[in-house]
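# A look at the structure
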Amino acid sequence: MLEKYVDDQGLVHYALWQKESAKELDQWLMSVNQTSWDGLERDHAIAFLINLYNALTIQQVLQRYPIHSIRPPFLGLPNWLGFLQFFTREIYRLKGRSLSLNVIEHDILRKKFNEPRIHFALVCASIGCPLLRSTAYLPDKLSNQLEEDAHRFINNPSKVRYETGSNTLYCSKIFKWYSADFLTQSDSIIDYISQYHTNPELSDSIKVVYLPYSWDLNQRTSS
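The helix and strand inventory of the protein stands at nine helices and five strands. For the protein, the α and β elements follow one another from N to C terminus as α-α-α-α-β-β-α-α-β-β-α-α-α-β. Relative to the compact-globule value of 17 Å for 223 residues, the protein shows a C-alpha radius of gyration of 18 Å, a close match. Taking the principal axes of the C-alpha coordinates as reference, the protein spans close to 50 × 40 × 35 Å.

What follows is the structure, given as structure tokens:
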């Protein structure tokens, strides 16, 4: 389904997916709801949980499409509450445990695994998010896939760009929101970005400015 409905720009053809394969996605989610992620080897668990998060996000959009954003009036609730509940509502049961998107991301992936690259793989159906892969995450390819995701995100000028004239590094707010995760791997956000950026000589004297975050839907509108 990812190969069929996600293009090379990470945009999702929600209209076509809804028309052709919404039930197939529901069936896949049902087929894995007895998986004991905590009994899996580390890379297998991480791959499974990223796939689950992304699939549940897509399912939530398909159930309400056409929409233009996951922000209100997505759930027909007051602005702040509707947006909050997109992430906090319990929408899935895994081995009898009720899960929300936040539980998968914050209580499981972030808490159990020291792997900041997940933030380049979890996609909440918004333009500001990382680009969605057109393939699933696989245990034996996970490290390479996450490395590719990090390179693609950090060298995407809409997410990270350096302007020499002003000596300013403009970066996605993902680096601000999850700075604690990135700082487990590097001394500073700039150091972390330098591992992947095409300009590896970035220094801590650079000014960092966080870019506006777009919550517009990551949808492909053309056929």
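Attention now moves to the environment of Asn199. Relative to the elements of secondary structure, Asn199 occurs in the loop between helix H9 (189-194) and strand E5 (207-210). Counting along the chain gives 38 residues from Asn199 to Arg161, while the straight-line C-alpha distance between them is 9.7 Å.

Considering all chains together, one arrives at nine salt bridges under this definition. Put simply, Asp43 and Arg42 hold a salt bridge, and the shortest N to O gap is 3.3 Å. Of the residues examined, Arg42 reaches a relative accessible area of 35% and is grouped as partly exposed.

What the rule picks out here adds up to zero disulfides. Note on Cys171: no disulfide assigned, nearest cysteine sulfur contributed by Cys129 at a separation of 16 Å. Residue classification places Cys171 among the buried residues on the basis of a relative accessible area of 0%.

Considering all chains together, one arrives at 16 aromatic pairs under this definition. Connected via pairs of aromatic rings, a cluster forms that spans Phe120, Phe153, Phe175, Phe182, Tyr192 and Tyr196. It is Arg161 that lies over the ring of Tyr170; its NZ or CZ is 4.8 Å from the centre.

Strand order in the open sheet formed by three strands is E3-E4-E5, with mixed pairing between adjacent strands. A single partner strand is all that each edge strand has here, and the edge strands are strand E3 (160-163) and E5. Direction aside, the axes of adjacent strands within the sheet are offset by 20° on average. In terms of strand pairing, strand E4 (residues 168-171) meets E5 through four bridges, oriented parallel.

This next bit is on the pairing of E3. Bridge count for E3 against E4 is four bridges, and the pairing is antiparallel. Considered in E4, the bridge of Glu163 is made with Thr168. Hairpin connection from E3 to E4: four residues lie between these consecutive antiparallel strands, with Asn167 at a positive phi of about 50°.

Another aspect to go through is helix H2 (residues 14-31). At 3.6 residues per turn, the α-helix brings residues three or four places apart onto the same side. Spanning 18 residues, H2 covers only 22 Å between terminal C-alpha atoms, well under the ideal 26 Å at 1.5 Å per step. Every buried residue of H2 is accounted for by Tyr14, Trp17, Ser21, Ala22, Leu25 and Leu29. Elements in contact with the buried residues of H2: helix H1 (2-5), helix H3 (42-62) and strand E1 (92-94).

What follows concerns unusual backbone geometry. Cis rather than trans, the peptide bond between Tyr65 and Pro66 has omega equal to 10°. Following the sequence through the fold, Pro66 ends up in the loop between H3 and helix H4 (79-88). In the Ramachandran plot, Ala125 falls in the positive-phi region, its phi being about 70° despite a non-glycine side chain. Along the polypeptide, Ala125 turns up in the loop between helix H5 (101-112) and helix H6 (142-154). A positive phi angle is found at Asn167, which is not glycine, with a value near 50°.

Take H6 next. With 13 residues, H6 extends 18 Å between its outermost C-alpha atoms, agreeing within 8% with the 18 Å of an ideal straight helix rising 1.5 Å per residue. Among the residues of H6, those classed as buried are Leu142, Gln145, Leu146, Asp149, Ala150, Phe153 and Ile154. What you see down the axis of H6 is that its buried residues fit within an arc of 150°, all on one side.

Criteria and thresholds
Residues numbered from 1 in each chain as written. Predicted model: local features only at pLDDT ≥ 70, side-chain atom pairs only at ≥ 80, totals over all residues. Heavy atoms only, no water. Helix = DSSP H or I, 4+ residues; strand = E, 2+ residues; numbered from the N terminus. Rg over C-alpha atoms; globule rule 2.2 N^0.38 Å. Salt bridge = Lys/Arg side-chain N within 4 Å of Asp/Glu carboxyl O. Buried < 20%, exposed > 50% of the residue type's maximum accessible area, 1.4 Å probe, protein only. Disulfide = S-S within 2.5 Å. Phe/Tyr/Trp six-rings, centres within 6.5 Å; stacked < 30°, edge-to-face > 60°. Lys NZ or Arg CZ within 6 Å of the ring centre and 35° of its normal. Pairing = 2+ DSSP bridges. Axes fitted to C-alpha atoms, helices over the stretch in contact; angles between N-to-C directions. Expected span 1.5 Å × (residues − 1). Contact = heavy atoms within 4.5 Å. Arc of directions from axis to C-beta.

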